[in-house]
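# Close look at the chain arrangement
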Amino acid sequence: MNKRIIYPNDDGGVSILIPTEEYLAEHTIEELAAKDVPAGKPYKIVDVADIPTDRTFRNAWEFVADEAEPVEEFVIEPVAEPTNEVTE
């Protein structure tokens, strides 16, 4: 798989999710993003070639949403918490 999932982390940097071949044998990369990207964080699925190989300044990397692709398209909405209320 030559794709990665990137999203901004709480420290102001960029987190990178690398899917395993085993996971992708049964799921899509979009399912991985829905499962592992923190709720409410924008994310992008990018080619591995788009990620710098020099990690010297990795703490300075920033997540920037493309103007052509609004962040709203990438936001994962939080799932409503289940309640113990019984409705009749």
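Scope of this entry: the structure provided in the associated data block.

Reading guide: rules and limits
Residues numbered from 1 in each chain as written. Predicted model: local features only at pLDDT ≥ 70, side-chain atom pairs only at ≥ 80, totals over all residues. Heavy atoms only, no water. Core = buried A, V, L, I, M, F, W, Y, C linked by side-chain atoms within 4.5 Å. Buried < 20%, exposed > 50% of the residue type's maximum accessible area, 1.4 Å probe, protein only. Helix = DSSP H or I, 4+ residues; strand = E, 2+ residues; numbered from the N terminus. Contact = heavy atoms within 4.5 Å. Phe/Tyr/Trp six-rings, centres within 6.5 Å; stacked < 30°, edge-to-face > 60°. Lys NZ or Arg CZ within 6 Å of the ring centre and 35° of its normal. Pairing = 2+ DSSP bridges. Axes fitted to C-alpha atoms, helices over the stretch in contact; angles between N-to-C directions.

### Description of the nonpolar core
- Membership of the largest hydrophobic core is limited to 10 residues, which are Ile 5, Tyr 7, Leu 17, Tyr 23, Leu 24, Ile 29, Leu 32, Ala 33, Val 37 and Tyr 43.
- Where this core is concerned, the elements lending two or more residues are β1 (3–8), α1 (21–24) and α2 (29–36).
- Counting six residues, the second largest nonpolar core, distinct from the first, contains Ile 6, Val 14, Ile 51 and Phe 63.

### Some thoughts on the environment of Ile 6
- Following the sequence through the fold, Ile 6 ends up in strand β1.
- Taking the C-alpha atoms as reference, Ile 6 lies 9.3 Å from Ile 51; in sequence the two are 45 residues apart.
- The contacts of Ile 6, once residues within four sequence positions are left out, are Val 14, Ser 15, Ile 16, Pro 42, Tyr 43, Lys 44, Val 46, Ile 51 and Phe 63.

### Examining the packing of aromatic side chains
- Applying the stated rule across the entire model yields zero aromatic pairs.
- Against the face of Phe 63 rests Lys 44, its NZ or CZ located 5.8 Å from the ring centre.

### Comments concerning the sheet that holds β1
- Taken together, the three strands give an open sheet; going across it, the order is β2-β1-β3, and neighbouring strands pair in antiparallel fashion. Of all strands in the sheet, those with a lone pairing partner are β2 (14–17) and β3 (44–47), marking the two edges. Ignoring which end each strand starts from, the neighbouring axes of this sheet average 35 degrees apart.
- Strand direction decides the pairing type here: β1 and β2, joined by four bridges, are antiparallel. By the bridge assignment for β2, Tyr 7 is matched with Ser 15.
- The strands that α2 touches are β1, β2 and β3; relative to β1, the one it contacts most, it runs at about 25 degrees.

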